[in-house]
Amino acid sequence: MLEEFVAVIQSIGVTIWRTALVSIVLGAIFTVLTFFWACNSGRPWWRKRELVTDLCYWFVIPLVARYLRIGFLIIGAALLFGITAAHGLVEFYDDGHGPLAALPLWLQAAIFLIGSDLMMYWLHRAFHRPAMWKYHAIHHSSKDLDWISAARFHPVNIMLGSVATDVVLLLAGISPNVLVLLGPFTIAHSAFVHANLNWTLGPIRYVIAGPVFHRWHHTAAEQGGEKNFAATFPVIDLVLGTFYMPKETLPASYGVADAAMPAGFGGQLVYPLKQ
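What comes next concerns the included structure. As the structure is a prediction and not an experimental result, all values here were calculated from the model.

### Section: the overall build of the protein
Stage number 1. Scanning the protein from N- to C-terminus turns up twelve helices and zero strands.
Stage number 2. The order of α-helices and β-strands along the protein, N terminus first, is α-α-α-α-α-α-α-α-α-α-α-α.
Stage number 3. Its C-alpha atoms give the protein a radius of gyration of 19 Å, within 12% of the compact-globule value 19 Å for 275 residues.
Stage number 4. In terms of overall dimensions, the protein has C-alpha extents of about 55 × 40 × 40 Å along its principal axes.
Stage number 5. Across the 275 residues in the protein, those meeting the buried criterion constitute 42%.
Stage number 6. Contacts spanning at least 24 positions in sequence make up 71% of the contacts within the protein whose residues lie at least 6 apart.
Stage number 7. Element-wise, carbon and sulfur atoms account for 71% of the exposed surface of the protein, whose accessible area totals about 14,100 Å².
Stage number 8. The average position of the 17 basic charges and that of the 16 acidic charges among the side chains of the protein differ by 10 Å.

Okay, here's the thing in structure tokens:
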């Protein structure tokens, strides 16, 4: 038992250390990029309001997501396949299972990206409905939207969003190696679409989500806040009629209308429970 506890602590330490290194790299990159191509003028990201709040999310949410994912994968294997022993779980998830696991890793990655984005699109729309908005409002609460805002998600939002889609696809047979392969892209792209950049991505704006596409989603509902739900592939919004990126104008203001939204990390975690 002690060995398992030590292993968990070490794992947490490694995750925090890697997050710190990634943060330094992303911070440097977006500092340079926003100097030349800022979407909205004003204070730089390191002087933004609620920076401490975003940093708390940036370091805590990856840990929450990781252990929620592991927990649900264990529960899923037990309920659906009757696998409960540790060695059985390792064998089951090691390289995936079934027909999907037999595919080349690059094809599994493509299936994972497309499948997860389709599921996330509908889940995202569900979080904009009144019953679930109180959890998703946390993500929209940042008034100074920048790359560091990317991890500002309530744990319930993470659990029923990206964690749920990952678990479904891994239980379907996709190899966990796909998560390792796509991990850097997922982190970098999430930071990219939240970055304070005026990039529309021109002719490929329907192919891959960019900063202006997603920044419109963070505006008020009557502007673009009820549009652009896709996380990676805007063509989904285009096909389903929720694509929004007006020409000759850029999004200018962000946040939520609720004045009672707390500014701090702890206050935001309990905010949905008071609604």
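### Focus on the pattern of salt bridges
Any two side chains of opposite charge can pair, given that their charged atoms come close.
Stage number 1. Considering all chains together, one arrives at five salt bridges under this definition.
Stage number 2. One salt bridge connects lysine 48 with aspartate 54, and the closest N-O pair in it is separated by 2.5 Å. Considered together, lysine 48 and aspartate 54 belong to a single accessibility category, that of buried residues.
Stage number 3. Residues joined by salt bridges that share partners form a network here, namely Lys48, Glu50, Asp54 and Arg152.

Cut-off values and rules
- By convention here, each chain's residues receive numbers from 1 onward along its written sequence.
- Only residues with pLDDT of at least 70 get local features here, since the model is predicted, and only at 80 or more are side-chain atom pairs given and counted; chain-wide, interface and lining totals rely on the full set of residues.
- To obtain the side-chain values, all non-hydrogen atoms of the structure were included, while hydrogens and water were left out.
- Runs of H or I in DSSP of at least four residues are treated as helices and runs of E of at least two as strands, each being numbered from the N terminus.
- In this setup the radius of gyration rests on C-alpha atoms only. A globule is expected at 2.2 Å times the number of residues raised to 0.38.
- Exposure classes here rest on a 1.4 Å probe applied to the protein chains alone. A residue is buried below 20% of its type maximum, exposed above 50%, and partly exposed in between.
- Contact criterion: two residues are considered in contact whenever any of their non-hydrogen atoms come within 4.5 Å of each other.
- To be clear on the numbers: accessible area is Shrake-Rupley with a 1.4 Å probe, and residue cover counts the displayed protein chains and nothing else.
- Positive charges come from Lys and Arg alone, negative charges from Asp and Glu alone, with His and the N- and C-terminal ends not counted.
- Every charge is mapped onto a representative atom, which is NZ of Lys, CZ of Arg, CG of Asp or CD of Glu.
- Whenever Lys or Arg places a side-chain nitrogen within 4 Å of a carboxyl oxygen from Asp or Glu, that contact is recorded as a salt bridge.

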